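# Survey of secondary and tertiary structure
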Amino acid sequence: MTNKLLMGNAAAAHGALAAGVNLISGYPGTPSSELLQVASAYIREAYDSGQLAAEDCPHIEWSANEKVALEVAFGASMGGARALATMKQVGLNVAADCFLSVATLGVKGGLVLYVADDPGPISSQNEQDTRQFAQFAKVPLLDSSTPEDLYHLMPLAFELSERHGTAVIVRTSTRICHGSAEVPALERYVPHPISGFGRLPEYDWVVFPSRAYKSHMEMPAKIAGFLADPEYRALNYVVAVEQGVEQGDGVTVPFSSESDFAASSLGENGTVTPSLCSTESDFAASSLGENGTVTPSLCTTGTVTPSLCSTSVGFVASGISWAYLVDALEELGLTGQFDLLRIGGMWPFMDDIAAEFIETHPHIMVFEDLEPTIAQELQRVAGSRQLMVKVYGKLTGHSAVAGENTVVSTEREILAFLDDLGVAYPAEVLERVAASAPAIAGAPDNSDLLIGRSPVLCAGCPHRASYYAVKKAMRGKKPVYASDIGCYTLGNVPPLNTVDTCVCMGAGLSIPQGLYRADPETPQFGFVGDSTFFASSLNAVVNAVYNQTPVTLVVLDNDVTAMTGSQPHPGCGYRMSYDASPDDALNAVSCAEVFTALGVKHVREVDPFDLPAAIAAVEELAGLDEVNALVFKSPCINIFEPKSAPSVAYDSCTGCGVCIKSIGCPALTLDEKAGCISVNKVLCYGCDLCVQICPLNSLVSTHD
Ligand code: SF4
Ligand code: SF4
């Protein structure tokens, strides 16, 4: 097997295919999307080249949303197939109803959820932590730290899922998804044998209350079985202080007596407070003891138990934070100086391994993104076993409660934490740390090198024209614009200012219905993208029709799921299956027809770049006293070739800037020296929106 440089999502795709996955379903969501695309491209190529027969190809689909994706995958699992559902972290919220039932009913064929968290967040509406979702649903979670992990965890997840009859989550996060590493490239896909539908009495898929109760009762045994699985256990391991390095050399903490320790354990939250320990000089003296441990006779009270004196610091981490921790220790020259516990199997939590670590490390610093999930688990384990430990991290202010960890932030946190403890190092360690510290303190503030740019819709984006048409039609009025998750959320920045609310997928068409009830005099608009319309908005349309709510529901239909990388959706028809063809477009589901079918009587479809028609459509619909719908239909610039840029009539352009101030197209700039407009031909897509806006006709179209 040869190695190949693959991004994390691609490594996960290869891992899933190596496991013979029979079905992959998902909904696009950054940072998870590429898995499904890479798997689809691999299978398509194998099929087209004759290496793979049609009957051996796995089924791969973008589903209408994450809930449907999981339900399709669950159905395949019931049928004895290996199935994978992919989504980002907030997608699991959409799939939650099914997810909880999966946890109750169990699985037949291996069922794996690939869920990508987004610390930062970089492209999400929140920083939710899938590890806590796993705890909540009681579904095992394997946590990846690198792209290589993803390649290896996928087959293991399928094995564990089948062995224990439960779905398994493989969790990843943005930097792992989009980072690259060399992983073994899949040479040949071989489908896993499909065992057929699981029937009574062995399998019971009907989630009656009595079935749910029985399942709940069986859950502890199922979890115990998982915890005893050697392959799961192996994901959690200690990297011990390097051979030949005595613990007292670098990581002994300054407890001088048992009484000090007992007193300190009365600190806030029942945790140990180092400041209650004895003096530094005591510690300095004691740290010179044999084997690097504290010698009782050197302690202040003389009543000390040696094991409490010779305590040490331990670091615990999971996910990408594990990789950062390893790198940070190396950067600081502290590799091998501390015991490390890696949590690769996050839930169910390995209490015994954690307890063993706690017993020998009363000061534990946890490095984890998002929530203090591990920190809380360690506290639970310590509490239930009456172990004395202080768990540092997000719960103690030693680690940021929000945002993304980095190697540099980890270095800073290590230093601050050790400083707080007053840890005594041997001279050479102190020298290394001192040498690293200035660089850490100064990094990575390169903000002066960055040019400040607010996010903006692309030049030529049809959403700009749609929003402009609505604003133009609503001039003199003060409508409220509810919007949704997608590129079009960027309509909130000036000069468009057409996004007053953005809540979650689908809310763009529901929120205005509530706003109308609060303020019936104000025109209420709801915007969603076409992919979001099919994913999460149909119920909102039905609701408006049913409750007779006279709002204007707008679909910004650009023929693609643009924000996540131009994935197809039901509105364009193209599929990800090995046998996809251009004819798929014939099966595209029309947004306008869906509105009509759902009972909306007033439906218009218009090209937003036909500005007079677009404005007229908005004026007509917004004046109605019934629910109405408008589909602005024009493709995303990423799926067609640009047209030629408009030319500038320099003799008439006054440089008034009306074009820029009206639509904010980034291809338009004011040439202050020349006193007129300038069109950046690299950025311009030739949409001619500006041509229709200039009051002096100084921008001239150069194409039909
Ligand atoms: S034609 Fe005008 S509005 Fe359209 S992309 Fe070019 S500069 Fe921007
Ligand atoms: S192109 Fe028209 S709107 Fe733009 S600056 Fe010139 S005159 Fe003003």
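Residues numbered from 1 in each chain as written. Chains lettered and ligands numbered in written order. Predicted model: local features only at pLDDT ≥ 70, side-chain atom pairs only at ≥ 80, totals over all residues.

## Things to note about the sheet that holds strand 19 (residues 602-606)
Quick note on the threshold: The rule for pairing is simple: two strands pair if DSSP sees at least two bridges between them. A run of H or I in DSSP counts as a helix once it spans at least four residues, and a run of E counts as a strand once it spans at least two, with each numbered from the N terminus.
With parallel pairing, the 6 strands of this open sheet are ordered in space as 16-15-17-18-20-19. Single-partner strands in this sheet number two, and they are strand 16 (501-502) and strand 19. In the sheet, strand 19 pairs with strand 20 (residues 628-633) via 5 bridges, with the strands oriented parallel. Residue pairing in the sheet places Arg604 in a bridge with Leu630 of strand 20.

## Looking at the site of ligand 1
Spelled out, the test is: We call a residue near a molecule or strand if the C-beta atom, set from the backbone, is within 6 Å of it. Gly is placed with the polar residues, together with every amino acid not listed as nonpolar (Ala, Val, Leu, Ile, Met, Phe, Trp, Tyr, Cys and Pro) or charged (Asp, Glu, Lys and Arg).
Residues in close proximity to ligand 1 total 15 residues, the closest being Cys665, Ala667, Cys684, Cys687 and Cys690. Broken down by class, the residue content of the shell around ligand 1 amounts to 12 nonpolar, 2 polar and 1 charged.

## A word on the sheet that holds strand 11 (residues 339-343)
Picture the strands of a sheet paired through backbone hydrogen bonds; they go either parallel or antiparallel. Under the convention used in this document: Only the stretch in contact is used when a helix axis is fitted, and all axes are lines through C-alpha atoms; the angle between N-to-C directions ranges over 0 to 180 degrees. In this description, a residue-residue contact is defined by the distance between C-beta atoms placed from the backbone, which must lie within 7 Å.
In spatial order, the strands read 9-11-10-13-14; together these 5 strands make up an open sheet with mixed pairing. Both outer strands of the open sheet, strand 9 (236-239) and strand 14 (390-392), are each paired with one neighbouring strand and no more. On average, adjacent strands in this sheet sit at an angle of 20° to one another, irrespective of strand direction. Note: strand 10 (residues 313-317) against strand 13 (residues 363-367), 5 bridges, orientation parallel. Note that in strand 13 the partner of Val313 across the bridge is His363. Against the sheet, helix 16 (residues 373-385) makes contact with strand 10, strand 11, strand 13 and strand 14, and its axis sits at roughly 150° relative to strand 13, the strand it touches most.

## What about the packing of helix 14 (residues 319-331) against helix 17 (residues 407-421)?
Axis angle and axis distance: for two packed helices, these are the angle between their axes and the distance between the axes, and together they describe the pair. The condition that has to hold: Handedness of a helix crossing follows the sense of rotation of the near helix relative to the far helix, less than a right angle counterclockwise being left-handed and clockwise being right-handed.
For the pair helix 14 and helix 17, interaxial distance at closest approach is 8 Å and the crossing angle is 65°. Relative to helix 17, the crossing made by helix 14 is right-handed. Contacts between helix 14 and helix 17 involve Tyr324, Leu325, Asp327, Ala328 and Glu331 on the former and, on the latter, Val407, Thr410, Glu411 and Ile414.

## What about the site of ligand 2?
Neighbouring residues of ligand 2: 13 residues in total, closest Cys653, Cys656, Val658, Cys659 and Cys694. Those elements giving two or more residues to the shell around ligand 2 turn out to be helix 24 (658-663) and strand 23 (676-679). Broken down by class, the residue content of the shell around ligand 2 amounts to 9 nonpolar, 4 polar and no charged.

## Considering the environment of Asn539
Inspection of the secondary structure assignment puts Asn539 in helix 21 (residues 530-546). Note: C-alpha distance between Asn539 and Ser510 (29 residues apart in sequence) is 8.7 Å.

## What about the confidence of the model for the protein?
Note the following rule: Along the chain, pLDDT gives the predictor's confidence residue by residue, from 0 to 100.
Per-residue pLDDT for the protein averages 86, and the proportion of residues at 70 or more is 86%. Predicted confidence for residues 243-311 stays below pLDDT 50, and this span has 129 contacts to residues more than four positions away or in other chains.

## What about the nonpolar core?
Applied cut-off: In this description, a nonpolar core means buried residues of the types Ala, Val, Leu, Ile, Met, Phe, Trp, Tyr and Cys, linked to one another by C-beta atoms lying within 7 Å. Three exposure classes are used. Buried residues have 20 or more other C-beta atoms within 10 Å of their own C-beta, exposed residues have 12 or fewer, and partly exposed residues fall in between, all C-beta atoms being placed from the backbone.
Ranked by size, the top nonpolar core spans 189 residues in total, and within it Ala39, Ala73, Met154, Val366 and Leu378 carry the most contacts. Dropping the residues within four chain positions of it, Ala39 is found in contact with Ala13, Ala16, Leu17, Ile24 and Ile60. Within the second largest apolar cluster, 6 residues are counted, among which are Ala562, Met563, Cys572 and Cys636.

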